[in-house]
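Examining the three-dimensional arrangement
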Amino acid sequence: MKQVGILTSGGDCPGLNAAIRGVCRAGQENYGMSFIGFRDGFRGLVQDQTMELESKALSGILTLGGTILGTSRDKPHRMLVSGKMCDMTEAAVETYHRHHLDALVCIGGGGTQKNALHLKKAGLKVITLPKTIDNDVPYTDVSFGFDTALAIAADAVDRLHSTAMSHHRVIVVEVMGHRAGWLALGAGIAGGADVILIPEIPYKVDAVAEAVLRRTRAGKKFSIIAVAEGAMSREQAKAVAKLAAAKEKARTKAKKREASDKLQKFHQEHLDHTVGLTQELQDITGMETRLTILGHLQRGGTPSAADRVLATRLGTSCAALLSEGTHGVMVAARGDGTEAVPLEKVVGGKKFVPPGHPWIEAAKRVGTCLGV
Ligand code: F6P
């Protein structure tokens, strides 16, 4: 009988429990596997914090948001322990062997894929599932969590229309997505935003203001602007590209760390950029402008039917792959089926909105301003 460990890591999202249930139910019912859950991501593996995942524990979780296992952004190789950053890879490996595991399932986004590859290199048999509301994990058509978050964000854009219209205001709505703009673009299209700003298309503030003023001249006295949290003006994008190039060029380890710290600082300081953008737009247009940050609302609550189906498809395929002894791969969604993609291929990449993507073209065709 195969003994399999399972953990959820990174930011939570709707559909994680459906995925846990999918893997475990399929593994137990079809292949006689038994499962042990690790709490709070890789920290639970390092500290051997476990949870039984027998049949009763899996009942009633399909529709629950969040993750019954808990999660964290901890990395096994850089973990804060008693105030010190430590490499805890060995502890993770020891836990794996202590429980006589045949494999470890890691459910998460880009960071989780990286951590899983690290553990694979340390000798563990790992297999991963892609989740994230950002939909930016590469080599999968889609990640679970995205569909639910998209509906939440689109509903918010919908609701902001009536208040913006009543007050003749501009409302800037910040949508999650710090590197990729899938969520802002999708929610903006579905909610009928007048302007959509995404990280992949650096914007000109003047172009955004002009789009608002054009609407005013046409007798439309309000505007809704959907902005991804990682969207950038052209100037900001240039500054970040310079910092990234410096990191790329750095030859010594110390220089690389220095450049990387600078880049991280930039992104940290950029976190509240929508506050500045809102003020700038108010100054240029002379219209009352308000900001709504959707934040973690987008990650909460019940998963949509599409996310439950996707998580169940990926989870049950994962169990089938485990039964065949496959490991070192991410179980990706490909068309109606699934595909096992080597972790080496997935790690380090990101799925951005490509230029000319049909969603971009559709937004343009209905007259949405993309900030340029
Ligand atoms: O990666 C998913 C995500 O929800 C991003 O959209 C967002 O930038 C980030 O997580 C927020 O992370 P945290 O929950 O750690 O604040």
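This one's a predicted model, so the numbers in the text were calculated from it and none came from an experiment. Sequence order as written defines the numbering, with residues in each chain counted from 1. A pLDDT threshold of at least 70 governs which residues receive local features in this predicted model, and a stricter bar of 80 or more applies before side-chain atom pairs are shown or counted, although totals over entire chains, interfaces and linings include all residues. As a rule here, side-chain values cover all heavy atoms of the structure and leave hydrogens and water aside.

1. Some words on the environment of K242
Defined as follows: Going along the chain from the N terminus, every DSSP run of H or I of four or more residues is numbered as a helix, and every run of E of two or more is numbered as a strand.
Of note, K242 is situated in helix α8 (residues 234–249). Measuring from C-alpha to C-alpha, the distance between K242 and L263 comes to 9.3 Å, with 21 residues separating the pair along the chain.

2. What about the packing of helix α6 (residues 182–191) against helix α13 (residues 358–365)?
Let me state the cut-off plainly: All axes are obtained by fitting lines to C-alpha atoms, using only the stretch in contact for helices, and the reported angles, taken between N-to-C directions, cover 0 to 180 degrees. Note on convention: the crossing is left-handed when the near helix lies turned anticlockwise from the far helix by less than a right angle, right-handed when the turn is clockwise. We call two residues contacting when some pair of their heavy atoms lies within 4.5 Å. Ten residue types, Ala, Val, Leu, Ile, Met, Phe, Trp, Tyr, Cys and Pro, are classed as nonpolar, four, Asp, Glu, Lys and Arg, as charged, and the remainder, Gly among them, as polar.
Relative orientation of the contacting elements α6 and α13 amounts to 35 degrees, with a least axis distance of 10 Å. In this structure, α6 crosses over α13, and the sense of that crossing is left-handed. Here W182, L185, G186 and I189 of α6 come into contact with α13, specifically with W359, I360 and A363. For the contact of α6 with α13, the residue count by class is six nonpolar, one polar and no charged.

3. Regarding the nonpolar core
Inclusion rule: Take the buried residues of types Ala, Val, Leu, Ile, Met, Phe, Trp, Tyr and Cys, join any two whose side-chain atoms come within 4.5 Å, and each joined set is a nonpolar core. For every residue, the accessible area obtained with a 1.4 Å probe (protein chains only) is divided by the maximum for its type, and the residue is called buried under 20%, exposed over 50%, and partly exposed between those limits. Domain extents, as shown, originate in an automatic or database domain assignment.
Counting 81 residues, the largest nonpolar core has F144 and I225 as its most contacted members. The dominant element in this core, judged by the number of residues it contributes, is helix α5 (residues 146–167), at nine residues. Looking at which domains feed residues into this core, each of domain 1 (3–144 + 303–346) and domain 2 (149–299) supplies at least three.

4. Some points on the domain arrangement of the protein chain
Filter applied, for reference: In short, buried area is how much 1.4 Å probe accessible area vanishes from two parts on joining, totalled over both. Take a side-chain nitrogen of Lys or Arg and a carboxyl oxygen of Asp or Glu: if they are within 4 Å of each other, that pair is a salt bridge.
In terms of domains, the protein chain is made up of domain 1 (3–144 + 303–346) and domain 2 (149–299). A combined buried area of about 830 Å² lies between domain 1 and domain 2, and 51% of that area is made up of carbon and sulfur atoms. Looking only at domain 1, the three residues that lose the most surface to domain 2 are D12, I133 and D134, adding up to 57% of its buried area. The tally of links between domain 1 and domain 2 comes to one salt bridge. As a salt-bridge pair, R299 and D12 come within 2.9 Å of each other at their nearest N and O atoms. Its residues assigned to classes, the side of domain 1 that touches domain 2 shows three nonpolar, two polar and five charged.

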